[in-house]
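Spelled out from the first residue to the last, the chains are:
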Amino acid sequence: MSVMFRPTILRFDSIDSTNLEAIRHAKAGAPEGLCVVAREQTRGRGRLDRAWESPKDAGLYLSAILRPQIAIEQWALITLMAALAVGDALLKSCGLRVDIKWPNDIFVHNRKLGGILAEAIETDRGPAAIVGIGINLRDAAFPAVIMKRAISVESATGTVPDAELLLEKLTEAIAGRYDLLSSQDGREHTIREWCASSSYAFDRRVRVSGISDTFEGVTRGLESDGALRVEIPDGRVRIVRAGDVTALRAMDK
Ligand code: BTN
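Residues numbered from 1 in each chain as written. Predicted model: local features only at pLDDT ≥ 70, side-chain atom pairs only at ≥ 80, totals over all residues. Heavy atoms only, no water.

Draft legend 1. Structural detail: the nonpolar core. Ranked by internal contacts, the top residues of the largest apolar core, which has 58 residues, are Leu90, Leu113 and Ile135. It is helix 2 (residues 76-94) that contributes the most residues to this core, twelve residues altogether. Dropping the residues within four chain positions of it, isoleucine 135 is found in contact with Gly59, Leu60, Val86, Leu90, Leu113, Gly114, Val153, Leu166 and Leu170. One finds Ala22, Ile23, Ala30 and Leu34 within the second-largest nonpolar core, a separate group that totals ten residues. (Core = buried A, V, L, I, M, F, W, Y, C linked by side-chain atoms within 4.5 Å. Buried < 20%, exposed > 50% of the residue type's maximum accessible area, 1.4 Å probe, protein only. Helix = DSSP H or I, 4+ residues; strand = E, 2+ residues; numbered from the N terminus. Contact = heavy atoms within 4.5 Å.)

Draft legend 2. Structural detail: the pairing of strand 3 (residues 59-66). By the criterion of burial, strand 3 is predominantly enclosed, with eight of the eight residues buried. Residues Gly59, Tyr61, Ser63 and Ile65 line one face of strand 3 and the alternating positions Leu60, Leu62, Ala64 and Leu66 line the opposite face, and both faces are buried. The pairing of strand 2 (residues 34-41) with strand 3 spans four bridges and is classified as antiparallel. Following the sheet pairing, alanine 38 is matched in strand 3 by tyrosine 61. Alignment of strand 3 against strand 7 (residues 126-136), held across eight bridges, turns out to be antiparallel. Bridge pairing in strand 7 places glycine 59 opposite asparagine 136. (Pairing = 2+ DSSP bridges.)

Draft legend 3. A look at the layout of surface pockets. In this structure, the largest pocket spans a volume of roughly 1000 Å³. For the largest pocket, the lining is made up of 40 residues, of which Arg50, Trp52, Asp105, Lys112 and Arg149 are closest to its centre. Listing elements by their share of the lining of the largest pocket, those giving two or more residues are helix 1 (18-27), strand 3, strand 5 (105-108), strand 6 (111-123), strand 7 and strand 12 (244-247). Tallied by class, the residues present in the lining of the largest pocket amount to 16 nonpolar, 13 polar and eleven charged. Two domains each donate at least three residues to the lining of the largest pocket, and these are domain 1 (8-197) and domain 2 (202-247). Roughly 530 Å³ of internal volume is contained in the second largest pocket. Around the second largest pocket, the lining comprises 24 residues; the ones closest to its centre are Ala76, Thr79, Pro103, Ala118 and Arg241. (1 Å grid on protein atoms, 1.4 Å probe; cavity = no way out; pocket = protein on both sides within 12 Å on 5 of 7 lines; lining within 4 Å. Points joined across faces, edges and corners; volume = space filled by probe spheres on them. Nonpolar A, V, L, I, M, F, W, Y, C, P; charged D, E, K, R; others polar. Domains from an automatic or database assignment.)

Draft legend 4. Inspection of the pattern of salt bridges at higher detail. Per the stated rule, a full pass over the model turns up 21 salt bridges. The salt bridge involving arginine 45 is made with glutamate 119; its shortest N-O contact spans 3.0 Å. Note that arginine 45 is positioned in the loop between strand 2 and strand 3 and glutamate 119 in strand 6, a separation of 74 residues in sequence. Classification of arginine 45 by relative accessible area gives partly exposed; the value is 30%. Aspartate 244 is the partner of arginine 47 in a salt bridge, and the nearest nitrogen-oxygen pair spans 3.8 Å. With a gap of 197 residues between them, arginine 47 in the loop between strand 2 and strand 3 and aspartate 244 in strand 12 connect regions that are remote in the sequence. Each member of the pair arginine 47 and aspartate 244 is classed as buried. (Salt bridge = Lys/Arg side-chain N within 4 Å of Asp/Glu carboxyl O.)

Draft legend 5. Structural detail: the packing of aromatic side chains. Taken as a whole and judged by the stated rule, the model has one aromatic pair. An angle of 75 degrees between the planes, with centres 6.1 Å apart, marks the rings of phenylalanine 5 and tyrosine 178 as edge-to-face. Residue phenylalanine 5 is located in the segment before strand 1 (8-15), and its partner tyrosine 178 is located in helix 4 (residues 163-182); the two are separated by 173 residues in the primary sequence. The exposure classification of phenylalanine 5 matches that of tyrosine 178, with both residues buried. Across the ring face of tyrosine 200, the terminal group of arginine 204 is positioned such that the distance to the ring centre comes to 4.3 Å. Geometry around phenylalanine 215 places arginine 238 over its ring, the cationic atom sitting 3.9 Å from the centre. (Phe/Tyr/Trp six-rings, centres within 6.5 Å; stacked < 30°, edge-to-face > 60°. Lys NZ or Arg CZ within 6 Å of the ring centre and 35° of its normal.)

Draft legend 6. Just the packing of helix 2 against helix 4, in detail. Two elements in contact, helix 2 and helix 4, have axes whose closest approach is 8 Å; the angle formed by their N-to-C orientations is 140 degrees. Put simply, helix 2 runs oblique to helix 4. Viewed along their axes, helix 2 and helix 4 form a crossing whose handedness is right-handed. From helix 2, Leu77, Ile78, Met81, Leu84, Ala85, Val86, Asp88, Ala89, Leu90, Lys92 and Ser93 reach across to helix 4, where they touch Leu165, Leu166, Lys169, Leu170, Ala173, Ile174, Arg177, Tyr178 and Leu181. Residues that form the contact of helix 2 with helix 4 fall into these classes: 15 nonpolar, one polar and four charged. (Axes fitted to C-alpha atoms, helices over the stretch in contact; angles between N-to-C directions. Parallel < 35°, antiparallel > 145°, perpendicular 65-115°, else oblique. Left-handed = near helix turned anticlockwise from the far one by under 90°.)

Here is the structure:
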């Protein structure tokens, strides 16, 4: 199946949230491929109802509208493909190799460099997915209190990144990865590549803070819909579709 993600970029100096703006456009009928980019966000949003600090020119803030043809149960794969696209773009534009923490946190040296907030919405033209991507370009992108847990492209590479080049490579990578995801075998391919790009896919001791409980176990790859398999101490495998995953060191209890 061939899809048409032809990126068109809509730029703002300042906006509440690029995801909210993309939702407004999608509801007004905007086509797949529309990307909202802002230099700053006054109400940047993260996963699990958290805020995403978005000072001017300190990060890349982008939201893309997709109108996926794949079954809605498979939409989690869109966030996995978006994380892969971020990895492609950072490698091509900044020479930076990243890790992916399930489902789609972008990590470098065990610190968070970026995140993805994907939202599914209903519109008159059918369901749409808004894929919001935030990448810390400079340390100013995050508050000092999370300095130990966050990192920027500038501190990871030692150079101020070329934000325009990163944006170009990112929209290119989303187009290519999304096209692939929609093709025959695209889902298996995306899962395989995600597993190859993430140190969290297999044999990683983790703590999972789910919606109803928190538990620990060892990762055992992904289900075909992108859910994380975690083996718990009694040998059963729990399937995680939502929640927060934290790596545990071998000696952690
Ligand atoms: C996370 O919590 O890890 C996801 C963060 C996603 C932030 C991006 S910045 C661009 C887009 N607009 C938003 O309001 N959020 C996303």
